[in-house]
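Structural overview
Residue-level listing of the chains:
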Amino acid sequence: KIGYAFTGWTDDAASFPAAGVITENKSITANFEILPTKTFNELKSRIEGGADKILISENITLTDTIYVIGEVEIYTLGNYTLTRDASFTKDLFVLGEDANGDSSILSGSFAKVTIKPIEGATLTIDGNKSNLTDTVVGTAFFMTSGSTLNIYDGVTLHNHKKLGNEKIFNFK
């Protein structure tokens, strides 16, 4: 499983030995533990590879677009930030298309991203607008038809500015 480490087999909630002779029919369960995501390359490869859960465990600088064509939940147990690199100007996340521009709908799936830190934790997605070296032409989340973005308590989107999108919105 992408983004997970195999931790062993269990047989009726007991540890199942890795070696030995099986003398009767048994149902065993493979057990996995989610791997912490600490780098941009891990984040990108896990999401684009189809991981269903991403545990952010370090601050990460986003240096390229991440394409989401399936369903993924991004969460954290602490307080971390995903920050746009000062020289990166394109979309941070594209939901519903791969890097070739092919729609996930054509393959029968809808992109869905859920960002949900555990209670008391935070995840900030920082557009880094005050440190950018070029004009941003991409968004934080570019969503194609049929895609879904769910954002929960503890998530902050800030410092995002896209060329031609300088409107100020006041939400009440």
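Before going into details, it helps to say that this report is about the structure given with it.

Reading the values: the criteria
- Residues numbered from 1 in each chain as written.
- Predicted model: local features only at pLDDT ≥ 70, side-chain atom pairs only at ≥ 80, totals over all residues.
- Heavy atoms only, no water.
- Pairing = 2+ DSSP bridges.
- Helix = DSSP H or I, 4+ residues; strand = E, 2+ residues; numbered from the N terminus.
- Axes fitted to C-alpha atoms, helices over the stretch in contact; angles between N-to-C directions.
- Contact = heavy atoms within 4.5 Å.
- Salt bridge = Lys/Arg side-chain N within 4 Å of Asp/Glu carboxyl O.
- Buried < 20%, exposed > 50% of the residue type's maximum accessible area, 1.4 Å probe, protein only.

1. Some words on the sheet that holds strand S7 (residues 66-68)
Pairing is parallel in the open sheet, where three strands are placed in the order S7-S10-S13. Each edge of the open sheet carries a strand with a single partner, namely S7 and strand S13 (141-143). Each adjacent strand pair in this sheet contributes to an overall mean axis angle of 20°, direction not counted. For S7 and strand S10 (residues 93-95), the ladder comprises three bridges, and the chain directions are parallel. From the neighbouring strand, Ile 66 faces S10, where its bridge partner is Phe 93. Packed on one face of the sheet, helix H1 (residues 40-48) meets S7 and S10 and runs near 20° to S7.

2. With respect to the pattern of salt bridges
On inspection of all chains with the given rule, the structure shows two salt bridges. Two residues, Glu 48 and Lys 44, come together in a salt bridge whose shortest N-O distance is 2.8 Å. A residue pair is termed a helical-turn pair when its members lie 3 or 4 positions apart in one helix, as Glu 48 and Lys 44 do in helix H1 at four residues. Notably, a salt bridge pairs Lys 44 with Asp 64, separated by 3.8 Å at the nearest N-O pair. Here Lys 44, found in helix H1, pairs with Asp 64, found in the loop between strand S6 (60-62) and S7; they are 20 residues apart in sequence, far enough to count as distant. When its relative accessible area of 16% is taken as the criterion, Lys 44 is described as buried.

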